[in-house]
Each structure stands twice: as C-alpha cells, then as structure tokens.
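# What the coordinates show
So the chains spell out like this:
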2 protein chains.
Amino acid sequence: MSQKIHVVLSGGSGSRLWPLSKKSRTKQYIPLFEGKSLFEITLANNQSLCDEVIVIGNIDNYQLSLNALQEKAASKFQIIVEAMPKNTAAAIAFAALSVQEEDLLLVTPSDHIIKNKEAYQDAVKKAFDFAEKGFLVTFGIQPTKPETGYGYIQSNGSDVVAFHEKPNQEKAQEFLIQENYLWNSGIFCFKAKVYIEELKKFRPDILEACIQVMNIKETDFLDAIETSKIPSESIDYAVMEQSQKIKVVKGMFDWSDLGSFEALYEYFTSNGAYYVQDSNLIIAESAHVELHGLENMMVIQSGDAVLVMPINQSQTVKKIYERLLKTNKKLIE
Amino acid sequence: MSQKIHVVLSGGSGSRLWPLSKKSRTKQYIPLFEGKSLFEITLANNQSLCDEVIVIGNIDNYQLSLNALQEKAASKFQIIVEAMPKNTAAAIAFAALSVQEEDLLLVTPSDHIIKNKEAYQDAVKKAFDFAEKGFLVTFGIQPTKPETGYGYIQSNGSDVVAFHEKPNQEKAQEFLIQENYLWNSGIFCFKAKVYIEELKKFRPDILEACIQVMNIKETDFLDAIETSKIPSESIDYAVMEQSQKIKVVKGMFDWSDLGSFEALYEYFTSNGAYYVQDSNLIIAESAHVELHGLENMMVIQSGDAVLVMPINQSQTVKKIYERLLKTNKKLIE
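Figured I'd write up the structure that's included with this text. (Residues numbered from 1 in each chain as written. Chains lettered and ligands numbered in written order. Predicted model: local features only at pLDDT ≥ 70, side-chain atom pairs only at ≥ 80, totals over all residues. Heavy atoms only, no water.)

With that settled, the discussion passes to the overall build of chain A. A tally of regular secondary structure across chain A gives eleven helices and 16 strands. In summary, chain A has a C-alpha radius of gyration of 20 Å against a globular reference of 20 Å for 333 residues, a match within 12%. A total of 333 residues make up chain A; the buried ones form 55% of that total. Taking the intrachain contacts of chain A between residues at least 6 apart in sequence as the baseline, contacts between residues at least 24 apart amount to 71%. Summing over all exposed atoms, chain A offers an accessible surface of approximately 14,700 Å²; the carbon and sulfur share of this is 47%. Measuring between centres, the 34 positive side-chain charges of chain A sit 2 Å from its 43 negative side-chain charges. (Helix = DSSP H or I, 4+ residues; strand = E, 2+ residues; numbered from the N terminus. Rg over C-alpha atoms; globule rule 2.2 N^0.38 Å. Buried < 20%, exposed > 50% of the residue type's maximum accessible area, 1.4 Å probe, protein only. Contact = heavy atoms within 4.5 Å. Areas by Shrake-Rupley, 256 points an atom, 1.4 Å probe, with all protein chains shown as cover. Lys, Arg positive; Asp, Glu negative; His and termini not counted. Charge placed at Lys NZ, Arg CZ, Asp CG, Glu CD.)

This brings us to the packing of helix α1 (residues 38-47) of chain A against helix α2 (residues 62-72) of chain A. Residues and elements named next belong to chain A. As a packed pair, α1 and α2 sit with axes 10 Å apart at the nearest point and diverge in direction by 40°. By the angle class used here, α1 and α2 are oblique. Read as a crossing pair, α1 and α2 show a hand that is right-handed. Taking contact as the criterion, the partners of Phe 39, Glu 40, Leu 43, Ala 44 and Gln 47 in α1 are, on α2, Ser 65, Ala 68, Leu 69, Glu 71 and Lys 72. A breakdown of the residues in the contact of α1 with α2 according to their chemical character gives five nonpolar, two polar and three charged. (Axes fitted to C-alpha atoms, helices over the stretch in contact; angles between N-to-C directions. Parallel < 35°, antiparallel > 145°, perpendicular 65-115°, else oblique. Left-handed = near helix turned anticlockwise from the far one by under 90°. Nonpolar A, V, L, I, M, F, W, Y, C, P; charged D, E, K, R; others polar.)

Residue and element names in this part refer to chain B. In this structure the tally under the stated criterion is zero disulfides over all chains. Cys 50 supplies the cysteine sulfur nearest to Cys 189, a cysteine that is in no disulfide, at a spacing of 7.9 Å. Taking the relative accessible area as the measure of exposure, Cys 189 reaches 0% and is therefore buried. (Disulfide = S-S within 2.5 Å.)

All right, on to the sheet that holds strand β15 (residues 297-302) of chain A then. Pairing is mixed across the open sheet formed by five strands, whose spatial order is β12(A)-β13(A)-β15(A)-β16(A)-β14(B). Bordering the open sheet on either side are β12 (276-277) of chain A together with β14 (288-291) of chain B, each of which pairs with just one other strand. One ladder, built from two bridges, connects β12(A) with strand β13 (residues 280-284) of chain A; its direction is antiparallel. Residue pairing for β13(A): Val276(A) is matched across the bridge by Leu281(A). (Pairing = 2+ DSSP bridges.)

Let us now look at the sheet that holds strand β15 (residues 297-302) of chain B. One open sheet accounts for five strands, arranged β14(A)-β16(B)-β15(B)-β13(B)-β12(B); its pairing is mixed. A single partner strand is all that each edge strand has here, and the edge strands are β14 (288-291) of chain A together with β12 (276-277) of chain B. Direction of pairing for β14(A) relative to strand β16 (residues 305-310) of chain B: parallel, over a ladder of four bridges. If you follow Leu291(A) over to β16(B), its bridge partner there is Val308(B). Contacting β12, β13 (280-284), β15 and β16 of chain B, helix α10 (residues 261-270) of chain B crosses the sheet at an angle of about 100° to β13(B).

Now for the packing of aromatic side chains. Taken as a whole and assessed by the stated rule, the structure comprises 30 aromatic pairs over all chains. With a centroid separation of 5.7 Å and 25° between ring planes, the pair formed by Phe33(B) and Phe268(B) is classed as stacked. Within this pair, whereas Phe33(B) is found in the loop between β1 (4-9) and α1 (38-47), its partner Phe268(B) is found in helix α10, the two being separated by 235 residues in sequence. Looking at Phe33(B), the relative accessible area reads 9%, which means it is buried. Site record: aromatic cluster; members linked through ring pairs are Phe33(A), Tyr267(A), Phe268(A), Tyr274(A) and Tyr275(A). The side chain of Lys4(A) reaches across the aromatic face of Phe128(A), ending 5.1 Å from its centre. (Phe/Tyr/Trp six-rings, centres within 6.5 Å; stacked < 30°, edge-to-face > 60°. Lys NZ or Arg CZ within 6 Å of the ring centre and 35° of its normal.)

Right, let's get into helix α2 (residues 62-72) of chain B. Residues spaced three or four apart along an α-helix point in a common direction, a consequence of the helix completing one turn every 3.6 residues. Residues and elements named next belong to chain B. Buried residues of α2: Tyr 62, Ser 65, Leu 66, Ala 68 and Leu 69, and no others. Along the long axis of α2, the arc covered by the buried residues comes to 165°, so they all point the same way. Packing partners of the buried residues in α2 comprise α1, β2 (52-58) and β3 (76-82). (Arc of directions from axis to C-beta.)

With that settled, consider the interface of chain A and chain B. In this complex, chain A contributes 25 residues to the contact, which on the side of chain B involves 25 residues. Taken together, the two surfaces of chain A and chain B that pack against each other cover about 1,900 Å², and 62% of this comes from carbon and sulfur. Close ionic contact of Arg323(A) with Glu290(B) constitutes a salt bridge, the shortest N to O distance being 2.6 Å. If you look at where chain A meets chain B, you find 14 residue pairs in polar contact (both at pLDDT 80 or more). Counting residues per element, the ones that place at least two in the side of chain A that touches chain B are β14, β15, β16 (305-310) and α11 (317-327) of chain A. Counting residues per element, the side of chain A that touches chain B draws most heavily on β16(A), which supplies six residues. (Buried area = accessible area lost by both parts, 1.4 Å probe. Salt bridge = Lys/Arg side-chain N within 4 Å of Asp/Glu carboxyl O. Polar contact = N/O pair within 3.5 Å; in protein donor to acceptor, adjacent residues only side chain to side chain.)

Side chains that carry opposite charge are capable of pairing whenever their charged atoms lie near each other. Counting across every chain of the model gives 32 salt bridges over all chains. Lys145(B) is the salt-bridge partner of Glu266(B), the closest N and O atoms lying 2.9 Å from each other. Highlighted residues: Glu266(B) in helix α10 and Lys145(B) in the loop between β6 (136-141) and β7 (152-156), separated in sequence by 121 residues. Judged by relative accessible area, Lys145(B) falls into the partly exposed class, the value being 30%. Members of the salt-bridge network, linked through shared partners, are Glu102(A), Glu132(A), Lys191(A) and Lys193(A).

Right, dumping it as structure tokens:
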C-alpha cells in the first residue's frame with residue numbers, strides 16, 4: 001500500500017536573521033515560538049497527515065534535525081544529508097528515489113510558519129487527491145498585501161495559468177487586486193513516480209545524476225564527488241513551469257516565510273507580542289536588554305553578538321552577515 | 001617634616017553609567033581609558049605631587065582600590081573603609097585624623113577626568129602654598145558651557161564671594177558670561193589641622209563622632225555602630241560655605257565629572273573617538289555590536305546587560321538602575 005511521505009527541505013544560509021541564525025543554526029532551528037523551532041512546528045503540522053518523514057538536510061544541521069525527529073518519535077523517519085546544496089529539483093529527486101514509486105510526497109520547506117492549521121490540513125487533503133490522480137500539485141497562498149519578495153502563481157481555479165517571478169511594487173499591487181494571483185509557497189505534493197517521470201521528461205540530466213548518487217548511497221551522507229555533477233535547479237524551473245500535469249491548491253491559511261526581522265516583527269505583532277515591546281522588536285537569547293526612548297527599533301542578541309537597527313532596514317542584515325563572513329567569521333558560525 | 005597626602009574619595013552608587021557601572025564596580029573602576037580606570041588615572045595624576053595616598057572607600061570597592069594601589073606601588077598608602085556612606089565632611093575628617101596635624105591634604109574625587117596635566121599641577125602647587133599658610137582651598141574650573149549639573153563658586157581673584165547651587169539654564173548662561181563663576185570641582189587642599197579646627201568650629205558634632213570612630217579603629221574597616229552616629233554632611237555645607245579661611249584656585253585644565261553617558265560621549269568625541277562610531281556611542285565589554293542606520297544612539301553592554309537609547313536621554317539611566325534595583329537586582333550587582 002502506498003505511503004504518504006512528508007519531505008522536509010532543510011537548508012539555508014542563516015544570513016537573514018543573524019545573529020539568531022548562523023551557519024550552525026539556520027532559521028528553522030531557532031526556538032522562537034514558545035520554545036519551539038519552525039522545524040519542530042513543521043514536523044508537528046504534518047504528523048497527522050503523513051506516515052513517514054524524510055528530511056533533506058546538510059551536514060551542519062544533521063544533528064539538530066535528528067534531535068527534533070527523535071524527540072517527536074511518532075513517525076518513521078530518515079535523513080538524507082546532501083554533500084552540497086543542489087537546489088530543490090535534486091533534493092526532491094533524492095526523496096522520490098528513496099520511496100516506493102506509488103508513494104505520495106508532501107514536500108514542504110521547514111522554515112515557514114502556518115497559522116490556521118485546519119485550513120492547511122484541508123488544502124493538503126485536496127492536494128493528496130490530485131496527487132493520487134497523477135498531478136503535480138503546488139500550493140498557492142491568497143495574498144494579503146502587495147509582497148514583492150515572493151513569486152506568484154496565476155491560477156484559474158485549480159489550474160495554473162502561469163508562474164511569475166518576484167514582481168515590482170506596481171505589479172504586486174495589481175496581483176493583489178486580481179484575486180487569482182497566489183503566493184508561491186514552496187509546498188508541493190505528488191506521487192514519487194510522477195515527479196520522476198516529469199523530471200526525466202524535462203531535465204533527464206538532473207534525474208540521471210541523482211540516480212548515480214542514490215545508487216552508491218550507503219549511509220545518510222551522500223557522496224560529494226557524484227553530487228558535484230548534479231545540475232543545480234529549482235523544482236519550479238525544472239519541472240513545475242514545464243509540466244502539463246500541474247494543479248494548484250489554494251491555501252486559505254495565514255502563511256509567512258519569516259524571511260526577515262521585519263516579517264518576524266509582523267508575525268509577533270499579530271500573534272501575541274512576546275518579543276514586541278511598544279513598537280520595538282527585542283529578541284535576546286541570554287542578555288537582559290533595556291531599550292528606551294526608541295520606536296520601530298530592533299535589538300537582537302545571541303551569544304557574543306548584538307544587532308541594533310531600525311526594523312524596516314532589516315534587509316541590510318544579509319549584507320552585515322556577508323561582511324562578517326569575511327571579517328569576523330566566528331560571529332556567524 | 002610635614003607630608004603631602006593625596007586623599008582619594010571613592011564612593012558612588014554606580015547608577016549613572018549602568019550597565020558599565022554597578023554596585024561592585026562604580027564609575028571610577030571601569031577601565032574605559034585605554035585600559036585604565038579613572039581611579040588609576042587619579043592616582044597617577046597626583047603621584048608626583050604627594051608623598052602618600054589615603055583612599056576613603058567602601059567594602060564593595062576595597063579590593064579594587066587595593067589592586068590599583070599595589071599595582072602603582074610607588075607611594076605609601078592606606079585604605080580607610082567606611083562602614084556606610086556619611087558624605088564628604090566625615091570622609092575627609094577620617095583622613096585628617098589619620099595623619100600628622102601639619103600634613104597637607106590634597107582631597108580629590110576618584111571619578112573625574114582631567115586633561116592638561118601641567119595646568120593641573122600648577123593649580124595644585126598654588127593650592128599647597130595657600131594650604132601651608134592656613135587656608136582651606138577649593139578648586140574652581142573655568143566653565144566652557146552653561147552646565148546645569150554642577151555647583152558654582154563665585155570668585156574674586158583667589159577669594160570666594162559665594163557658593164551657588166546647581167543653576168537653571170538661564171542662570172548657567174549668565175554664569176558662563178561672567179567669567180568669575182567657576183565650576184565647583186570637588187577638589188580641596190588644606191592642612192589637616194586647619195580642616196579639623198574649622199570642622200570643630202562649625203560642626204563639632206561631626207568631628208566628635210568621627211573621633212569616636214577613629215579612636216576604636218583597629219583595621220582598615222571602620223566600626224558600623226559608631227559610624228551610624230555621624231551626621232551626614234558635605235564638606236561644602238559643613239565647612240567651606242561657613243569658614244572665613246577659604247581660597248579658590250582657578251584650574252585652567254579641562255575637566256569633566258563624566259557623570260552621564262552624554263558626558264562620556266562628549267569626552268570621547270573630543271579626545272579620540274575610540275568608542276564613537278559615526279555619531280553613536282558603542283561600549284561593549286564582551287559582545288560584538290552591529291549598529292546600523294542610527295544616529296546619536298548609545299549601545300552599552302556589560303555582562304548580561306545591554307542598554308540601548310538615544311545619547312541625549314542618558315539622564316534616564318539612573319531611573320532604569322533604580323527600577324532594576326527593585327525588580328532584577330542581580331543585573332546591578
């Protein structure tokens with residue numbers, strides 16, 4: 001009998017939420033949500049929906065993933081440790097090649113937050129139905145603001161009209177008004193066999209290279225030399241934007257990729273203001289922070305690092321991270 | 001032969017420069033000046049001028065004072081540890097009662113900064129001459145701005161016309177224009193005998209209580225029960241403002257009591273900008289601070305505490321300290 005497999009994509013550089021995130025603890029492993037991490041919350045959200053978990057991760061987060069999976073202890077799981085990042089087309093192929101061909105894969109990021117779990121579960125059930133019928137399903141989220149940081153799916157009911165890159169402000173405003181433009185959530189659902197067939201059709205080079213890697217796999221850790229031969233491509237480019245077998249399921253759940261401190265601030269402001277003091281965001285892991293006479297400011301402390309800046313400049317954090325990578329590496333490790 | 005004694009007053013609550021200053025390390029012991037503390041700098045500034053050092057301190061700073069004195073190792077020294085603070089009239093009496101009556105005392109705070117050491121030494125030499133002749137000498141500093149945080153000495157040459165309390169802004173402006181109003185620096189010079197005589201004349205109760213304490217003194221540590229009987233009064237109120245034997249020496253040296261982060265910022269801005277980044281003050285003892293997109297801001301870190309606020313609100317620090325004293329005492333210990 002076919003199984004439902006939760007495929008958790010776990011990567012990232014940890015640059016946008018520095019100093020909370022760093023090389024050794026990317027965004028999804030920070031215990032920001034009542035002591036839970038996004039990785040743990042992702043496992044919990046999908047536990048009742050799937051029979052098994054496969055985490056596609058890397059060497060830096062292997063132990064963190066293992067700890068979280070063992071603590072859950074409810075599902076069968078495996079971890080596949082990539083030797084280097086090769087983007088989502090390959091990562092998902094590793095999962096698809098690790099299961100029975102009739103198994104259904106529910107592929108999710110591990111670093112996004114979902115509110116309204118019932119709406120999420122409804123969407124997943126719809127997706128499994130489509131997947132059972134041989135479709136590749138992508139999840140689109142109804143936009144709530146003219147976001148320029150996400151890709152969009154132009155939909156017509158459950159059919160996809162087109163995928164759109166991150167838009168400019170004007171286009172994002174247009175998309176928001178026309179209600180059939182959905183945020184591309186990075187959540188997918190399909191039968192393992194169908195993904196492999198479609199990848200073979202559009203990018204046989206990626207599939208072949210992935211098969212080579214999986215053929216010589218002996219432990220959780222994939223071979224570096226064979227991995228280096230895999231073309232790096234996203235599932236969107238490689239498969240979803242090419243295939244004729246695409247369906248979109250509209251998720252009516254609140255969703256955020258928490259891709260910046262500004263997004264984190266918005267989330268905490270609307271979901272219990274634990275880290276919000278007046279209009280400031282204060283997240284301190286071990287320090288006591290006194291902030292006075294300031295608004296719209298963030299103070300973030302982790303270990304030896306303290307970051308202070310206006311919340312609305314949080315896109316700069318990535319640049320700071322990149323500078324420190326060159327000048328003061330131990331602060332980002 | 002009479003000796004010249006440097007009497008160092010070392011007290012303070014540590015509230016204004018929190019978290020750098022705290023109960024266990026008040027302002028004068030923070031190594032902020034190329035690794036040196038104000039206490040060490042005070043000792044160094046007066047070393048060539050005096051034969052001996054007496055520190056009037058408290059139990060919390062005893063070891064810090066001892067370390068600094070032993071490191072200097074150039075002068076004879078003693079430490080008198082007050083059982084509780086009883087203000088400057090008593091503290092100076094303890095010193096005067098510990099030396100020969102002909103000895104000359106140069107009494108200084110330990111938490112002020114002096115630039116232009118030659119001008120300071122010139123002023124001290126003048127003061128010793130007056131002291132030798134039986135005068136009580138106070139040091140007045142030529143104001144450089146309409147400061148409302150200091151008391152003023154109205155002078156006429158080396159004579160004192162009157163002492164003035166901390167003025168309002170308008171008065172401070174007036175004082176600045178009339179060049180004979182000087183900042184009251186808290187530096188004094190006199191013969192031990194003369195101070196005791198004048199204290200006996202104006203506040204015999206203080207002198208008697210101090211004599212009681214010194215009579216039973218066996219170690220560096222003064223008796224608490226006897227000390228508790230001493231009236232608490234400043235040397236200004238008790239003696240200087242009463243006596244007819246007062247002279248003022250005009251100090252032409254740059255001087256600051258560094259009584260707030262704003263004063264510290266001004267000092268560092270004009271004396272090498274080690275802790276100044278753009279227009280911000282960043283002093284971090286062990287953390288790495290990244291500050292972006294902000295001006296006129298201060299970030300101060302020590303141990304587990306981080307303070308973030310606009311520099312010009314630094315008078316609020318004392319209130320924060322007082323709140324923490326009640327709510328989170330370990331942060332100020």
